[in-house]
Amino acid sequence: MFHFEEGEVFLVDKPLDWTSFDVVNLIRSVIKRFHGIRKLKVGHAGTLDPLATGLLIICTGRMTKQIDNFQAQEKVYTGTMLLGQTTPTFDMESEADAFYSTDDITIDMMEDARKSFIGDIMQRPPKFSAIKINGKRAFDYARSDEEVALKERLVHIDDFKLDYTNFPKIEFEVKCSKGTYIRSLVNDFGKKLGNGACLISLRRTKIGEFSVNDARKLEDLRKEIIETGVDNVQ
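Residues numbered from 1 in each chain as written. Predicted model: local features only at pLDDT ≥ 70, side-chain atom pairs only at ≥ 80, totals over all residues. Heavy atoms only, no water.

A.B. asks: What exactly am I supposed to notice about the overall build of the protein here?
C.D. replies: Scanning the protein from terminus to terminus reveals six helices and 14 strands. Out of the 234 residues belonging to the protein, those deemed buried represent 47%. Taken as a whole, the protein presents about 12600 Å² of accessible surface, with 47% of it coming from carbon and sulfur. (Helix = DSSP H or I, 4+ residues; strand = E, 2+ residues; numbered from the N terminus. Buried < 20%, exposed > 50% of the residue type's maximum accessible area, 1.4 Å probe, protein only. Areas by Shrake-Rupley, 256 points an atom, 1.4 Å probe, with all protein chains shown as cover.)

Right, dumping it as structure tokens:
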């Protein structure tokens, strides 16, 4: 039995190509339709890009007051980057805009670059991001070819592990603070090598003590919400 207005916390394994708001909107609409709740607060604790998968915390009702607390917790991501090219979005959402030779890059060089990102670092968010500037999303400026100044921000990288087995594809795991953009980390890693890099895939596995291993598939959660609410709506 769910108590949506008193507050529920759902751990969702966000599917590929869904925005975080898509997930929120689906859950809100299913609750309203099958439980007869006209007004209900539903929110998420930390955006995942459409091309990313993994842990998304969804809060309803009074538990939405805890969203800031959840967002502030440390996060863990796994993924793959491609060395030797860049894209405007720093990931595979856009076509490559530059290519670089990786022939002279060594493991020692990559290890030195990796270590330089551990600790407190200044990071500039991608221009294709949801950050608001004067009430407008950064990606809206970028799509209109309008130049805007995105300020650097202080973030913390607690751990940054790399696996070079499939070079120039590099598998990684990052443990980081709130506000860290993994796309920017990948792009900056390429720059540090005097090269280029873009994100191929990304998955969030942890937020604080919450793990994606305990998360529901979105379709399973949708069915569960419907099945517990069919008797409430005539």
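Don't stop here, the text continues.
A.B. asks: What should I look at first to understand the nonpolar core in this one?
C.D. replies: Side chains of nonpolar character tend, in soluble globular proteins, to be buried together. Counting 27 residues, the largest nonpolar core has Met81, Phe160, Phe172 and Phe189 as the members making the most contacts within it. Among the secondary structure elements, those contributing two or more residues to this core are strand S4 (75–83), helix H3 (107–116), strand S10 (153–163), strand S11 (169–176), helix H5 (182–192) and strand S12 (197–207). Not counting chain neighbours up to four residues away, the residues in contact with Phe189 comprise Met81, Leu83, Met110, Ala113, Arg114, Phe117, Phe160, Leu162 and Ile170. Formed by 19 residues, the second largest nonpolar core is a distinct cluster that contains Val24, Ile58, Leu218 and Ile226. (Core = buried A, V, L, I, M, F, W, Y, C linked by side-chain atoms within 4.5 Å. Contact = heavy atoms within 4.5 Å.)

A.B. asks: Which parts of the structure should I look at to understand the packing of aromatic side chains?
C.D. replies: Both the distance between ring centres and the angle between the ring planes are used here to describe each pair of aromatic rings. All told, the structure shown has six aromatic pairs when counted by the stated rule. Ring geometry for Phe2 against Phe4: centres 5.3 Å apart, planes inclined by 45°, an arrangement best described as tilted. Take Phe2 and Phe4: they sit in the same class, and that class is buried. A centroid spacing of 5.3 Å and a plane angle of 85° characterise the contact between Phe2 and Phe10, whose relative ring orientation is edge-to-face. By relative accessible area, which is 1% here, Phe10 ends up buried. (Phe/Tyr/Trp six-rings, centres within 6.5 Å; stacked < 30°, edge-to-face > 60°.)

A.B. asks: Mind showing me how you'd approach the pattern of salt bridges here?
C.D. replies: One side chain can pair with another of opposite charge once the charged atoms of both are near each other. Using the criterion set out here, one finds nine salt bridges in the structure. A salt bridge links Arg114 to Glu111, with the nearest nitrogen and oxygen atoms 3.0 Å apart. Of this pair, Arg114 and Glu111 both sit in helix H3, three residues apart, which is roughly one turn of that helix. Take Glu111: its relative accessible area is 21%, and that puts it in the partly exposed class. The network of salt bridges with common partners includes Asp13, Arg203 and Lys217. (Salt bridge = Lys/Arg side-chain N within 4 Å of Asp/Glu carboxyl O.)

Function cannot be inferred from these measures alone, as they are strictly geometric.
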